[in-house]
Protein chains: 2
Amino acid sequence: MQHDFRFDADRSHGGREIIGLPVEPGLVQALIASRQNISPKRLVEPGPDASQLGAVFEAAAAAPDHGLLCPWRLVLVPEHRRADLAEVFALALLDRDTGASLEQIEAAREKAHRAPCLLAAIARLGPAEPPVPVLERMVSFGAAIQNMLLCAHGMGFGGGLTSGQAMQSPRMRTLLALRDGEEAVCFINLGTVSKRKMPRLRPEAAVFVSSL
Amino acid sequence: MQHDFRFDADRSHGGREIIGLPVEPGLVQALIASRQNISPKRLVEPGPDASQLGAVFEAAAAAPDHGLLCPWRLVLVPEHRRADLAEVFALALLDRDTGASLEQIEAAREKAHRAPCLLAAIARLGPAEPPVPVLERMVSFGAAIQNMLLCAHGMGFGGGLTSGQAMQSPRMRTLLALRDGEEAVCFINLGTVSKRKMPRLRPEAAVFVSSL
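Keep in mind that what you see is a predicted model, and the values were worked out from it rather than measured.

Here we come to the interface of chain B and chain A. Of the residues lining the interface, 90 residues belong to chain B; the matching set on chain A comes to 89 residues. Carbon and sulfur atoms make up 69% of the surface buried where chain B meets chain A, a total of about 8100 Å² over both sides. At the surface where chain B touches chain A, the tally comes to zero salt bridges. In this assembly, chain B and chain A are joined by 16 residue pairs in polar contact (both at pLDDT 80 or more). Among the elements that take part in the side of chain B that touches chain A, helix α5 (residues 134-154) of chain B stands out by supplying 15 residues, more than any other. Here the residues of the side of chain B that touches chain A sort into 57 nonpolar, 20 polar and 13 charged.

Looking now at the side chain of Arg 202 of chain B. Along the polypeptide, Arg 202 of chain B turns up in the loop between β7 (182-193) and α7 (205-208). Within the structure, Arg 202 of chain B has its side chain in polar contact with the backbone oxygen of Arg 35 of chain B (distance 2.8 Å).

So, about the relation of the copies chain B and chain A. When chain B is fitted to chain A, the best match, at an RMSD of 0.0 Å, comes from turning it 180° and sliding it 0.0 Å along the axis. Such a combination of turn and shift is consistent with a two-fold rotation axis. Across chain B, the smallest distance between a C-alpha and the rotation axis is recorded for Gly 142 of chain B, namely 2.0 Å. Here 99% of the contact residues of chain B are again contact residues in chain A; the copies associate through an equivalent surface.

Looking now at the pairing of β7 of chain B. All names here are of chain B. With 11 of its 12 residues buried, β7 lies for the most part within the structure. Two elements, strand β3 (residues 43-44) and β7, share two bridges in a ladder whose sense is antiparallel. Bridging across to β7, Leu 43 finds its partner in Val 193. Bridge count for strand β6 (residues 158-162) against β7 is five bridges, and the pairing is antiparallel. When the sheet's bridge partners are listed, Gly 158 is paired in β7 with Gly 191.

What follows concerns the pattern of salt bridges. Residues and elements named next belong to chain A. Inspection of every chain in the model, using the stated rule, returns 18 salt bridges over all chains. The partner of Arg 81 in a salt bridge is Asp 84, with the nearest N and O atoms 2.6 Å apart. Accessibility expressed as a relative area gives 25% for Arg 81, which makes it partly exposed. One salt-bridge network, held together by shared partners, links Arg 73, Arg 124, Arg 179 and Glu 182.

Residues and elements named next belong to chain A. With respect to the element layout, Pro 71 can be found in the loop between α2 (50-61) and β4 (72-76). Considered as a pair, Pro 71 and Pro 131 are 60 residues apart in the sequence and their alpha carbons are 11 Å apart. The contact partners of Pro 71, leaving out residues within four places of it in the chain, are Asp 65, Ile 122, Ala 123, Arg 124, Arg 137 and Ser 140.

A rise of 1.5 Å per residue sets the reference length of helix α2 (residues 50-61) of chain B, with its 12 residues, at 16 Å; its end C-alpha atoms lie 16 Å apart and thus fit the reference within 8%. Taken residue by residue, α2 of chain B has Gln 52, Leu 53, Ala 55, Val 56, Phe 57, Ala 59, Ala 60 and Ala 61 of chain B as its buried positions.

This part takes up the packing of aromatic side chains. The relative placement of two aromatic rings is captured by the distance of their centres and the angle of their planes. Considering all chains together, one arrives at four aromatic pairs over all chains under this definition. Relative to Phe 208 of chain B, the ring of Trp 72 of chain A has its centre 4.6 Å away and its plane inclined at 65°; by these criteria the two rings are edge-to-face. With Trp 72 of chain A in strand β4 and Phe 208 of chain B in helix α7, this residue pair bridges two chains. Assigned by exposure class, Trp 72 of chain A and Phe 208 of chain B land together as buried. When the ring of Phe 89 of chain A is compared with that of Phe 187 of chain A, the centres are 6.0 Å apart and the planes differ by 75°; the resulting orientation is edge-to-face. A residue pair is termed long-range when its members are at least 10 positions apart, and Phe 89 of chain A in helix α3 (residues 82-96) and Phe 187 of chain A in strand β7 (residues 182-193) qualify at 98 residues. For Phe 89 of chain A, a relative accessible area of 13% translates into the label buried. On the basis of relative accessibility, which here comes to 3%, the residue Phe 187 of chain A falls in the buried class.

Quick look at the nonpolar core now. What tends to happen in soluble globular proteins is that the nonpolar side chains get buried as a cluster. Ranked by size, the top nonpolar core spans 84 residues in total, and within it Ile 188 of chain A together with Ile 188 of chain B carry the most contacts. With sequence-adjacent residues up to four places away left out, Ile 188 of chain B is seen in contact with Leu 74, Cys 117, Leu 118, Leu 119, Ala 121, Ile 145, Met 148, Leu 149, Gly 160 and Leu 161 of chain B.

This next bit is on unusual backbone geometry. Residue and element names in this part refer to chain A. For the peptide bond that leads from Glu 129 to Pro 130, omega is 0°, which places it in the cis range. For Pro 130, the location among the structural elements is in the loop between β5 (117-124) and α5 (134-154). Phi angles above zero are rare outside glycine, and Leu 68 is one such case at about 50°. Mapped onto the elements of the fold, Leu 68 is located in the loop between α2 and β4. On the basis of relative accessibility, which here comes to 56%, the residue Leu 68 falls in the exposed class.

Scoring rules and cut-offs
Residues numbered from 1 in each chain as written. Chains lettered and ligands numbered in written order. Predicted model: local features only at pLDDT ≥ 70, side-chain atom pairs only at ≥ 80, totals over all residues. Heavy atoms only, no water. Contact = heavy atoms within 4.5 Å. Buried area = accessible area lost by both parts, 1.4 Å probe. Salt bridge = Lys/Arg side-chain N within 4 Å of Asp/Glu carboxyl O. Polar contact = N/O pair within 3.5 Å; in protein donor to acceptor, adjacent residues only side chain to side chain. Helix = DSSP H or I, 4+ residues; strand = E, 2+ residues; numbered from the N terminus. Nonpolar A, V, L, I, M, F, W, Y, C, P; charged D, E, K, R; others polar. Least-squares fit on C-alpha atoms with pLDDT ≥ 70 in both. Buried < 20%, exposed > 50% of the residue type's maximum accessible area, 1.4 Å probe, protein only. Pairing = 2+ DSSP bridges. Expected span 1.5 Å × (residues − 1). Phe/Tyr/Trp six-rings, centres within 6.5 Å; stacked < 30°, edge-to-face > 60°. Core = buried A, V, L, I, M, F, W, Y, C linked by side-chain atoms within 4.5 Å.

Structural data, given as structure tokens:
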């Protein structure tokens, strides 16, 4: 997927143009700052349609990836396979805690049926050529996920990342057909936001920035 | 840093509003797709000023971080400390290869003097409460880096990630005052793009997406 683009880097005037669309100063910051994590419980129909999901995947593909490794892959869990995922959530809980209550098992199962669009995000950390370090591959992976969340946000959808101990379960590995070196890291949930919460407090730059 | 925002999720009309700024359909996709990795050799003055850098840091702080761990930190390498970094690059090369040529040593040294704005990006992977898995922390870290790159791109700057074997050198750990559990993963280079290359081919979605 190659993109023709035109980028006017002249900062002497207020507006800038990316692919012929006007970008107001501050807009990208606002886009990034206004994205929130939306709990899957608050993500309802409609989810992205096929074309919108294609745009989300294209955004993922635009992540930095200096080794051209694409050190991640995505597995869509469509409606008709949610019951299989529910089974994995329930049995993985029982594997960890044979004394889990029926309510707990039902709650685990229910997690598979929330957001209209559900994608498993898998890191590919096995041997690779060139031998890009695992931490750098994870930076690519995190960047791809953020591109997807921002793309969905820009289209008016909400998104949220979910994870939990079931991610490491052998049952999850089997369901997602994970190969050696692959790790299921989280699920990406996308849909229409039914209810927004107050924006969360973000860390001040002073907490994470210093200077030599 | 809390953000008041207003997001009109009504998809019945073409435009949408984030903090009162118009977002044309396709703009966010275009923003993401048009970002390129720019080699530090092609990043020249001016770099972001203090206020623009503040916006870049604010974008980093808006990354997903479910444990509120902020599992990363940034160290700015200002102009007057570039020589110290150059020394680390040169000596780390000699540590790895005592037979390095003078040209190679000079080339290693020169890497510290390229982009007008240079930030070391450090992952914080030690014990933490809550005990968020390392791979999830790395997703947060990668997301924060992508937010920074996109924010800089939206302001008309170019950015590029650089790394190499010197990142793991004890000399680098000393320079950046890394603590236990911290890893220097890459440098973030920001500046004005002197010359753009052709957009790079991106992987097709079929390469990294499947469905259950």
